[in-house]
Amino acid sequence: MTETIVTLVINELVQLIAHESKLLRGVHRDVVDIRDELESIQCFLKDEDKGDLQDSVKIWVKQVREVAYHIEDVIDEYVLHMAQHRHQQSLIGFLYKIGHIFKKLKPCHDIATKIHNIKISVHEIKERSERYGFRFVEHGSSSRESNVTWHDPRVGSLFIEEDEVVGIESTRDELISWLVGEASKRFVMSVVGMGGIGKTTLAKKVYENESVKGHFDYRVWITVSQSYNVQKILMSMIEKTYHKNTIAPRQIDIIDEITLISQLRKCLQQKRYVVVFDDVWKTEFWEIVKHALPCNDRGSRIIITTRSDLIGLSCKESLSDQVHKLQPLSQDMAWELFCRKAFHSEFQRCCPKELVKLSMDIVKKCEGLALPIVAIGGLLSTKEKVPFEWKRLHDSLSSELECNPHLTSITKILSLSYHDLPCYLKPCYLYFGIFPKNYSITGERLLWLWVAEGFIKEKKGTPLEEVAKEYLMELIQRNLVQVSFGELDHEIFKKYRIHDLLHETILSKARELNFSQVLEALDTTFHGKSRCLSIHNAREDVFETSEYSRVRSVFLFNINEMPRSFIAKLFKKFKLLKVLDFEDAPIDYLPQEVGNLFHLKFLSLCRTKVKILPKSVGRLQNLQTLNVAETAVHELPIEIFRLDKLRHILAHSHDFEIKSTFHSARGVKVHERVGCLKDLQTLTMIDANHHGVVLFEELNKLSQLKMLSISNMTAERRRALCTSIQCMVHLRFLAVGSIKEDEIIDLQSISSPPPFLEHISLWGRLEKLPNWISELQNLVTLIIRFSSLEVDPLPCVQALPKLTTLCLNHLYNGEQLHFEEGGFRKLKRLTLRELKTLKMVEIDRGSLPSLEQLDIGPCPRMKEVPAGIHDLKSLKILDFYEMHKEFVLRMQPDGGDDYWKVKKVTTIRLMYRIKGERYQIYQLGDSNLLERLQRTIRSPQRFSPSLFHILLTDGGEPETFVEALKVEDSIKWELAMKDEMDSLLTNQTWELTELPAGKKALHNKWVFRIKGEHDGSKRYKARLVVKGFQQKEGIDYTDIFSPVVKMTTIRIVLSIVAAEDLHLEQFDVKTTFLHGELEEEIYMQQPQGFTVQGNGSLVCKLRKNLYGLKQAPRQWYKKFDSFMCSTGFTRCNADHCCYVKSLKNSYIILLLYVDDMLIVGVSMEDINKLKN
């Protein structure tokens, strides 16, 4: 590790000498001498981190590391000082130059003095090494160097298949039998054993067993770890159990522990459940959480895994409860596991004869602990299979084991993997210690952080990010890094994590090397020497303890509250930062002082509440990554285009609380100088409806782009986009969305698609699938939504050799999809969603041989389960979304005609929407599902994601304009829309105009409703609704005015009608809200299907209110109230929607319910007069 630090410092010195030679007057010679001395020292450091060095050598190595850090500090301070000097010169001007020169003399002199002193220190350190004759094992280092160029030829595949579990089969079967046994009393089983012995593996295999899955109503897995939070664990349990059958309680995050326990008890009281608490460290945890788990005599089970015998005994509160002490693997089983790992790809997983004795000795020293066997076996799998390499590791392992005769310290065994790493991998591996336990980080974020930190060596002709990916691949192959996957369907990129035990070894090593320090809630002191500071739920006074001039990276995790004073102190203390990661932090602004961080290379505000980036970000001359994804930032400041080192801009935003539509994904506006960023590799997501064609001319210049995501595309700009895409020969991820549902995305004119494209996502109307997609030999993921194709698209993509994920959503208007024999050889996941006209899916035998998950629905015209599902041998998960009653009943195990088609599938789930993309989940045969299907249920009100309000449809009416033109009653819906447009135009609701700069045109949508009349006929109503505000659950409801009469008033008036035998009439005003004058300047897109020919680029400037605008009900009521009062009516004090007028011998009562009215009167003549 010290070698790595020295190497980084030498590289910085070389750059300083090359670029700042004119400014290094008086110290240039000293800087050159320091570089030369460090290069001489570097050769002594090849094995400095081997782990078995003498104390004197360790002290010397520490001194080298300290002086290297000091050199880096001085270099960075010098560069920062010169950068500030240049900035001040540009601001102050010529008249202040003379005075400024005097001001900078002292800091320059101080830096020169520091450099001279460092030169002396480095020289003394080198002399000390020579004086004491420090030497290291040269043949060992040469062996290590041989691994520097190690590279798995299967590049691009970052998956590692899970090795078979060895030696716990009988224990697993015993626990499964105990779980599903007939005993009705609730049992607790504590699995106790050393770290690394396989407790979690055993519990997981039991938990995922199919008989266990089917036996329990609820299954919950909770990873506790050392720094657990009881309230968060209880909240997680509630969310997981409520997700099974209904929606979780609102505002669950502010409920106290007692209430959470009560909620959980209520949910579990009548259910058979199994809960696993993995990795419990404190007895207090069980003392609290046990109260949430009722003893309901329904056969519930609880499993606890822990390293502590004491915790296991404390959980044994009755004779029925058990403690299982997990035993180490037998010698035979340990040997089998070792061979599988060490020789997984050669020698038929058998150990060569010349290595048997050494290997047997290594396995014996592991004493049957599974984790060190796997780690050491994995390490040896990367070595040359010769006795010398085996003996070197054997000898090193022996010395480590002898330090602890009880062999309880798994840390030392696992540290061998760290010691064997080449120097370039060690900082990358230690970096995982920055993140909390059980934390999974996306590959892109991790690689970009490594690049920003300077860990990645340049390789001629290969981008730094690609070299970083090779580093990650090597760590995975060494079984030091695990691959995990996102929980959400939209997460197509892999994530990575470190095992808890490895995490502990990393933290210890990182502290020893001053590499990083983690400050948790109770920590108040930072020793000031670490280069990286990771703050986990720490107090604000963490910044009061000491100076932080050495810190280069700051991370925040699990911070519940962060006052502005906290941020101010952060920017004041840290002047030399390279990385600032605020992801998920509770901040709502970024101060101007961020521009002072000249060395900053990585800035993440992902999932914060920041809305605006300060202009000072334009001074971050070294910035490589800017992440404002999932924030409220709508526009990137023009100043960022000064940052010519910028490589990655992430600015996409999605709302997964709403049903997926065009408008659940949002891009940001960028200025026309984006083409200046020549090194840009990632640009997601930008708004295409900003700066027009000029934007695409700028995109043409971004030849290094690998990821591009663009929204709000219009048909007029399709050729410009195609030209830009053809220029991006390195592109691997492409996402394109249209501005509205019926806007066509035509990408046919791409003649030379980027050859390395791996992921494509398109949302918007397609006339046909682009022909060039079938030529993409590297395509892995294809997602197409809202395209309304008329021709089956499957023949175009079925031969793609690497396609593993295919998602078709609102894609096809045909009645049949055909998966032909031999097609989709590698496809693992297939999604067929929202295909309203689809009647049949035909799957030939021999098609989809690798398919593991299939999602279907809603498909209202599909009558039966596709027969070909029976032949999908690899299918494990089958999900049906909102399928109709007859379809689901045909699949039921008891007599269902289609059950034979699906009975071999491991997991079958029936999904019914709760809200947005949240679903109520049922299993086949579930009594609750059958009860739901047998009930006569009124169609649920549908939530419109594009408008953020409840649609006025409840009888199966069309949801979209396009759907209205395709249903059987399309002519009636067309007439209804024309009738609505006539009213709008007659009322002069808007005028066409150009959209002014800085203004936004609101989206609109047609809402359809069938209204039953008194005579039994149906009236088809179409209403144009505009998105004027975000009417989400729990937001803004208190501010929404709606003229609705009270229910008590209605009851009283109806009683009067019955008692007095009065006349009662109902009627509504056709253009109710359209009469209200607007109080602000509002623009709207032209209505779907009624764009004025030749004026497609114009927008509607609203003169009057429309449905959906927040002010519409209030304006309507003001006008209505004024009219009623002017005609002699009196508004009731008890109800502002009740009006009364006294006549000579009678009276009239009027009740207002939005735009519907009830009129009560003695005389029908008086009522008709009022109506007219």
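All residue numbers refer to positions counted from 1 along the written sequence of the respective chain. A pLDDT threshold of at least 70 governs which residues receive local features in this predicted model, and a stricter bar of 80 or more applies before side-chain atom pairs are shown or counted, although totals over entire chains, interfaces and linings include all residues. Where side-chain values are given, they derive from all heavy atoms of the structure, hydrogens and water being excluded.

J.: How would you explain the overall build of the protein if you had to name every residue and give the values?
T.: Summing up its helical and strand segments, the protein has 33 helices and 43 strands in all. Relative to its full complement of 1172 residues, the protein shows a buried share of 53%. In the protein, 64% of the contacts between residues at least 6 apart in sequence involve partners at least 24 apart. Note on areas: Shrake-Rupley, 1.4 Å probe, and residue coverage restricted to the protein chains presented here. Roughly 53200 Å² of accessible area belongs to the protein as shown, and the carbon and sulfur atoms make up 51% of that amount. Per the convention used, a helix needs a DSSP run of H or I reaching at least four residues, while a strand needs a run of E reaching at least two, with both numbered from the N terminus. Here's how the labels work: a residue is buried when its accessible area is under 20% of the maximum for its type, exposed when over 50%, partly exposed in between, all with a 1.4 Å probe on protein chains only. Note on definitions: a residue-residue contact is assigned when non-hydrogen atoms from the two residues lie within 4.5 Å.

J.: Tell me what's going on with the nonpolar core, and back it up with residues and numbers.
T.: Across soluble globular proteins, you tend to see nonpolar side chains buried next to one another. In this text, buried Ala, Val, Leu, Ile, Met, Phe, Trp, Tyr and Cys residues form a nonpolar core when linked through side-chain atoms within 4.5 Å. Ranked by internal contacts, the top residues of the largest apolar core, which has 121 residues, are Leu580, Phe582, Leu603, Leu683, Ile869 and Leu910. Beyond its immediate sequence surroundings of up to four residues, Phe582 is in contact with Leu556, Met562, Leu570, Phe571, Ile587, Leu590, Ser604, Leu605, Cys606 and Thr608. Judged by nonpolar contacts, the second largest core, of 45 residues, contains Leu464, Val467, Leu475 and Leu480.

J.: Kindly report on the sheet that holds strand β2 (residues 218-223), identifying the contributing residues and their values.
T.: By definition, two strands form a pair when at least two bridges between them are found by DSSP. The five strands are arranged β2-β3-β4-β1-β5 in an open sheet whose pairing can be described as parallel. Both edges of this open sheet fall to β2 and β5 (322-325), since each of them pairs with a single strand only. In this sheet, adjacent strand axes meet at a mean angle of 15° when their direction is disregarded. As defined by bridge partners, strand β3 (residues 273-280) adjoins strand β4 (residues 301-306) across five bridges and the pair is classed as parallel. Pairing of Val274 across the sheet is with Arg301, part of β4. Here, axes are lines fitted to C-alpha atoms. For helices the fit covers the stretch in contact, and angles between N-to-C directions go from 0 to 180 degrees.

J.: Before we move on, can you summarise the sheet that holds strand β34 (residues 1001-1002) with the specific residues and values?
T.: Taken in spatial order, the four strands of this open sheet run β33-β39-β38-β34, and their pairing is mixed. Looking at the sheet topology across the chains shown, the edges are occupied by β33 (990-993) and β34. Here β34 pairs with strand β38 (residues 1083-1084) via two bridges, running parallel. Residue Ala1001 lies in a different strand from β38, and its bridge partner there is Tyr1083.

J.: Go over the pairing of strand β26 (residues 840-843) with me, naming the residues and quoting the values.
T.: Residue alternation in β26 divides its side chains into a buried set, Val841 and Ile843, and an unburied set, Met840 and Glu842. Here four bridges tie strand β24 (residues 816-819) to β26, and the two strands are oriented parallel to one another. Within the sheet, the bridge partner assigned to Leu817 lies in β26 and is Val841.

J.: Describe the pattern of salt bridges, naming the residues involved and giving the relevant values.
T.: Two side chains with opposite charge may pair up if their charged atoms get near one another. Between Lys or Arg on one side and Asp or Glu on the other, a salt bridge is scored when a side-chain nitrogen of the former is within 4 Å of a carboxyl oxygen of the latter. All chains considered together, the criterion is met by 32 salt bridges. The salt bridge involving Arg718 is made with Asp746; its shortest N-O contact spans 3.4 Å. Here Arg718, found in helix α24 (residues 718-727), pairs with Asp746, found in the loop between β20 (733-738) and β21 (759-763); they are 28 residues apart in sequence, far enough to count as distant. Of the charged contacts, one joins Asp871 and Arg845 as a salt bridge, the two residues approaching to 3.5 Å between their closest N and O atoms. Taken together, the positions of Asp871 in the loop between β27 (853-857) and β28 (877-881) and Arg845 in the loop between β26 and β27 put the pair 26 residues apart, joining distant regions of the chain. Shared partners join several salt bridges into a network, and the residues in it are Lys204, Glu208, Glu210, Lys213 and Arg219.

J.: Tell me about a positive patch on the surface, residues and numbers included.
T.: Note that patches include only residues with greater than 30% relative accessible area and no salt bridge, and the join distances are 9 Å for like charges and 5 Å for nonpolar side chains (Val, Leu, Ile, Met, Phe, Trp, Tyr). When charges are counted, neither His nor the chain ends are considered; positive counts come from Lys and Arg and negative counts from Asp and Glu. By convention, the point assigned to a charge is CZ for Arg, NZ for Lys, CD for Glu and CG for Asp. Judged by side-chain charge, Arg825, Lys826, Lys828 and Lys876 come together as a positively charged surface patch. Among the residues examined, Lys876 registers a relative accessible area of 46% and is labelled partly exposed.

J.: Go over the confidence of the model for the protein with me, naming the residues and quoting the values.
T.: Detailed reading of the predicted model is not advised wherever pLDDT is low. Here the protein shows a mean pLDDT of 77. Residues at 70 or above account for 75%. The spread of mean pLDDT over the elements of the protein runs between helix α5 (residues 138-146), the lowest at 35, and strand β13 (residues 602-604), the highest at 94. One number per residue, pLDDT, summarises how confident the predictor is, and it ranges from 0 to 100. Within the model, the stretch residues 486-491 combines pLDDT values under 50 with five contacts to residues more than four positions away or in other chains.

J.: Give me the state of the cysteines: which residues, what numbers.
T.: By disulfide we mean two sulfur atoms from cysteines, separated by a distance within 2.5 Å. Scanning the model with the defined rule gives zero disulfides in all. Looking at Cys339, it has no disulfide partner, and the nearest cysteine sulfur is the one in Cys351, 5.5 Å off. Using a relative accessible area of 5% as the deciding quantity, one classes Cys339 as buried.

J.: Describe the side chain of Asn627, with residues and values.
T.: Following the sequence through the fold, Asn627 ends up in strand β14 (residues 625-627). Reaching out from Asn627, the side chain makes a polar contact with the backbone nitrogen of Ala629 at a distance of 3.0 Å. Not counting chain neighbours up to four residues away, the residues in contact with Asn627 comprise Glu583, Leu603, Ser604, Leu605, Cys606 and Leu650. The definition of a polar contact used here is a pair of N or O atoms within 3.5 Å, where within protein one atom must be able to donate a hydrogen and the other to accept one, and adjacent residues in sequence count solely through side-chain atom pairs.

J.: Requested: an account of the packing of aromatic side chains, with residues and values cited.
T.: Between 30 and 60 degrees the pair is tilted, below 30 it is stacked and above 60 it is edge-to-face, where a pair is any two Phe, Tyr or Trp rings, Trp via its six-membered ring, whose centres lie within 6.5 Å. Applying the stated criterion to the full structure yields 22 aromatic pairs. Taking 6.1 Å as the distance between ring centres and 20° as the angle between the ring planes, the aromatic pair formed by Trp178 and Phe187 counts as stacked. Phe187 carries the same exposure label as Trp178, and that label is buried. Relative to Phe555, the ring of Tyr431 lies with its centre 6.0 Å away and its plane at 80°, an arrangement referred to as edge-to-face. Of the two residues, Tyr431 sits in the loop between α18 (426-430) and β6 (441-442) while Phe555 sits in strand β11 (residues 553-557), which places them 124 residues apart along the sequence. A single burial state applies to Tyr431 and to Phe555, both of which are buried. An aromatic cluster is defined as three or more aromatic residues linked by ring pairs; in this entry it consists of Tyr431, Phe435, Tyr439, Phe455, Phe515, Phe555 and Phe557. A ring has a charge above it when a Lys NZ or an Arg CZ is no more than 6 Å from the ring centre and no more than 35 degrees off the ring normal. The ring of Trp178 carries the charged tip of Arg301 above its face, separated from the ring centre by 5.7 Å.

J.: Can you explain helix α32 (residues 1112-1126)? Please cite residues and give values.
T.: Between the first and last C-alpha of α32 there are 21 Å, a value that for 15 residues agrees with the 21 Å anticipated at 1.5 Å per step. Burial in α32 covers these residues: Ala1112, Pro1113, Gln1115, Trp1116, Tyr1117, Phe1120, Asp1121 and Met1124. Lining the buried residues of α32 we find β40 (1130-1131), β41 (1138-1142), β42 (1147-1153) and β43 (1156-1161). Trailing α32 by a residue or two, Gly1128 shows a phi angle of about 95°, which is positive. Take the residue count of a helix, subtract one, and multiply by 1.5 Å to get its expected span.

J.: Provide a residue-level description of unusual backbone geometry, including the pertinent values.
T.: For the bond from Thr684 to Met685, the omega torsion is -10°, close enough to zero to count as cis. With respect to the element layout, Met685 can be found in strand β18 (residues 682-687). Each neighbour pair has its own omega, and for Gly857 with Pro858 the value is -10°, a cis peptide bond. The residue Pro858 is located in the loop between β27 and β28 in this model. Of note, the phi angle at Asp584 is positive, near 70°, even though the residue is not glycine. Take Asp584: it is sitting in the loop between β12 (579-581) and β13.

J.: Before we move on, can you summarise the environment of Lys863 with the specific residues and values?
T.: Tracing the sequence through the fold places Lys863 in the loop between β27 and β28. Between the C-alpha atom of Lys863 and that of Met883, which follows or precedes it by 20 residues, the distance is 9.5 Å.

J.: I'd like a description of the packing of helix α6 (residues 169-179) against helix α7 (residues 199-207), backed by residues and values.
T.: Close contact between α6 and α7 brings their axes to 9 Å; oriented N to C, the two are set at 50°. By the angle between their directions, the pair α6 and α7 is classed as oblique. You can see that α6 and α7 cross each other, and the crossing is right-handed. For the pair α6 and α7, contact is made by Thr171, Arg172, Leu175, Ile176 and Leu179 and by Leu202, Lys205 and Val206, respectively. When residues are grouped by polarity, Ala, Val, Leu, Ile, Met, Phe, Trp, Tyr, Cys and Pro land in nonpolar, Asp, Glu, Lys and Arg in charged, and all others, Gly among them, in polar. By residue class, the composition of the contact of α6 with α7 is five nonpolar, one polar and two charged. Angle categories are assigned with fixed cut-offs, so that under 35 degrees is roughly parallel, over 145 is roughly antiparallel, 65 to 115 is roughly perpendicular, and the rest are oblique. Each crossing gets its handedness from the near helix: less than a right angle anticlockwise from the far helix is left-handed, clockwise is right-handed.

J.: Outline the side chain of Ser359, listing residues and values.
T.: Mapped onto the elements of the fold, Ser359 is located in helix α14 (residues 356-366). Ignoring any residue separated from it by four or fewer positions in sequence, one finds Ser359 in contact with Trp335, Phe338, Cys351 and Trp390.

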